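Residue-level structural notes
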Amino acid sequence: MTESRIYQNILVGAEMQDDDDKGYQEAHLSDVIRMQMKRRGKRFWAGDNISDYVDEEQKEVLIDEATKAFEKVLDTLLIDRENDPNSKGTARRLAKMYYNEIMAGRYEPAPDATAFPNDSQDRYEGMLVVRSELRSMCSHHHQPVSGVAYIGIIAAQKLIGLSKYTRIAQWCARRGTLQEELCNDIAREIEKATGAQDLGVYIQMTHGCCENRGIMAKSSLTQTTVLKGAFKDDPGTKKEFFDNIKMQQEYASK
Ligand SMILES: [Zn+2]
């Protein structure tokens, strides 16, 4: 989008102000996009993907806006960002990090997961378990959350490339999340990409907000599980999934 187009949109957005939107003097692109989402009833919580509302060029403008906002935060924290060499570019580093790294999964569309048919006579009918390393952050404190997801499916009529399971899981994780929600999100997206009705997601993570602050519990580990179809209803399938996880963990610890 050209600068004039962005500006036009900002003007349109400014005109579209309703009572809720009053109170800001200067129209920002972030205000315009927020209004668009509100009007269309689009939820934009920290764990929601809003890639339909933000394109690549707009992202650059938003990074500039976030830089200004982080500068204000640093000023309010009474950090000398003019003379402290380590704090000089911090506002921009934070803005870029949020958009391009730790919250990238909010602004990027779902990873392209080409599906291959699995419907021939000798189709794969077994269980598939993938171990995916994850990095996320909690919505409450914006502290790092890191760990591993084990994704298990019994293949349906199609299969996706092995790396896609991890790409999908990472895309769900690169947002502000709650681990319980993340577990649900990964299960839903894997179901969408593979068409598998029988699946399980088990996540083990440590939370920066429990380690660096609050209860300061260094070794706290949180586990969440979502089971669907046979993983939930058939004790044999459930056991096979958790046996597979155990084997994965034995392998990973070597
Ligand atoms: Zn937290």
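Residues numbered from 1 in each chain as written. Predicted model: local features only at pLDDT ≥ 70, side-chain atom pairs only at ≥ 80, totals over all residues. Heavy atoms only, no water.

1. Topic: the pattern of salt bridges
Overall, the coordinates contain 12 salt bridges when judged by the stated rule. Across the pair D75 and R81 runs a salt bridge, and its minimum N-O distance is 2.8 Å. A relative accessible area of 34% places D75 in the partly exposed class. The salt bridge partner of R188 is D185, with a shortest N-O separation of 3.2 Å. (Salt bridge = Lys/Arg side-chain N within 4 Å of Asp/Glu carboxyl O. Buried < 20%, exposed > 50% of the residue type's maximum accessible area, 1.4 Å probe, protein only.)

2. Examining a nonpolar patch on the surface
A cluster of nonpolar side chains, V73, L77 and I79, forms an exposed patch at the surface whose accessible area comes to about 250 Å². In this fold, I79 is placed in the loop between α3 (56–76) and α4 (90–102). For I79, a relative accessible area of 32% puts it in the partly exposed group. (Patch = residues over 30% accessible without salt bridge, like charges linked within 9 Å, V, L, I, M, F, W, Y side chains within 5 Å. Areas by Shrake-Rupley, 256 points an atom, 1.4 Å probe, with all protein chains shown as cover. Helix = DSSP H or I, 4+ residues; strand = E, 2+ residues; numbered from the N terminus.)

3. Comments concerning the sheet that holds strand β7 (residues 222–228)
In spatial order, the strands read β5-β2-β3-β6-β7; together these five strands make up an open sheet with mixed pairing. The sheet is open, and its two edges are formed by β5 (176–177) and β7, each paired on a single side. As judged from the 11 bridges shared by strand β2 (residues 127–138) and strand β3 (residues 144–154), these two strands associate in the antiparallel manner. The residue bridging S136 from the neighbouring strand is V145, located in β3. (Pairing = 2+ DSSP bridges.)

4. Comments concerning the environment of A95
Mapped onto the secondary structure, A95 falls in helix α4. For A95, a relative accessible area of 0% translates into the label buried. For A95, the residues in contact, after removing those within four places along its chain, are I63, A66, T67 and F70. (Contact = heavy atoms within 4.5 Å.)

5. Comments concerning the confidence of the model for the protein chain
With 89% of its residues at a pLDDT of 70 or more, the protein chain has an overall mean of 90. A low-confidence stretch, residues 12–17 (pLDDT under 50), is modelled with 12 contacts involving residues beyond four sequence positions or located in other chains. (pLDDT = per-residue confidence, 0-100.)

6. Quick look at the packing of helix α6 (residues 162–173) against helix α7 (residues 179–194)
Axis separation between α6 and α7 bottoms out at 9 Å; the angle between their running directions is 140°. It follows from the interaxial angle that α6 and α7 lie oblique. Handedness of the crossing formed by α6 with α7: right-handed. Only L182, D185, I186, E189, I190, A193 and T194 of α7 make contact with α6, whose side of the interface consists of Y165, I168, A169, W171, C172 and A173. (Axes fitted to C-alpha atoms, helices over the stretch in contact; angles between N-to-C directions. Parallel < 35°, antiparallel > 145°, perpendicular 65-115°, else oblique. Left-handed = near helix turned anticlockwise from the far one by under 90°.)

7. Comments concerning the environment of S146
Mapped onto the elements of the fold, S146 is located in strand β3. In this structure S146 comes out as partly exposed when scored by relative accessible area, which is 24%. Along the sequence, S146 and L134 sit 12 residues apart, while their C-alpha atoms lie 5.7 Å from each other. Every residue in contact with S146, bar those within four places of it in the chain, is listed here: L134, R135, Q204, M205 and T206.

8. Focus on the side chain of R106
Structurally, R106 is set in helix α5 (residues 104–107). Buried within the structure, R106 lacks any salt-bridge partner; D48 is the closest side chain of opposite charge, at an N-O distance of 6.1 Å. At a separation of 3.1 Å, a polar atom in the side chain of R106 contacts the main-chain carbonyl oxygen of A46. Setting aside residues no more than four positions away along its own chain, R106 makes contact with F44, W45, A46, D48, N49, I50, S51, R174 and R175. (Lys, Arg positive; Asp, Glu negative; His and termini not counted. Polar contact = N/O pair within 3.5 Å; in protein donor to acceptor, adjacent residues only side chain to side chain.)

9. Describing the packing of helix α2 (residues 29–39) against α3
At a closest axis distance of 9 Å, the pairing of α2 and α3 adopts a crossing angle of 120°. Taken together, α2 and α3 sit at an angle that is classed as oblique. Along its contact with α2, which presents L29, S30 and I33, the element α3 presents Q58, V61, L62 and E65.

10. Overview of the packing of aromatic side chains
Counted by the stated rule, this structure contains six aromatic pairs. When the ring of F70 is compared with that of Y98, the centres are 5.5 Å apart and the planes differ by 35°; the resulting orientation is tilted. Placement of F70 in helix α3 and of Y98 in helix α4 is noted, with a sequence separation of 28 residues between them. Given a relative accessible area of 19%, Y98 falls into the buried group. Here F231 and F241 contribute two aromatic rings whose centre-to-centre distance is 5.2 Å and whose plane-to-plane angle is 70°, an arrangement assigned as edge-to-face. Taken together, the residues span a long stretch of sequence, with F231 in helix α9 (residues 230–233) and F241 in helix α10 (residues 235–252) at a distance of 10 residues. Residue F231 shares its accessibility class with F241, and that shared class is buried. Through a chain of ring-to-ring contacts, the aromatic side chains of Y150, Y202, F231, F241 and F242 assemble into a single cluster. (Phe/Tyr/Trp six-rings, centres within 6.5 Å; stacked < 30°, edge-to-face > 60°.)

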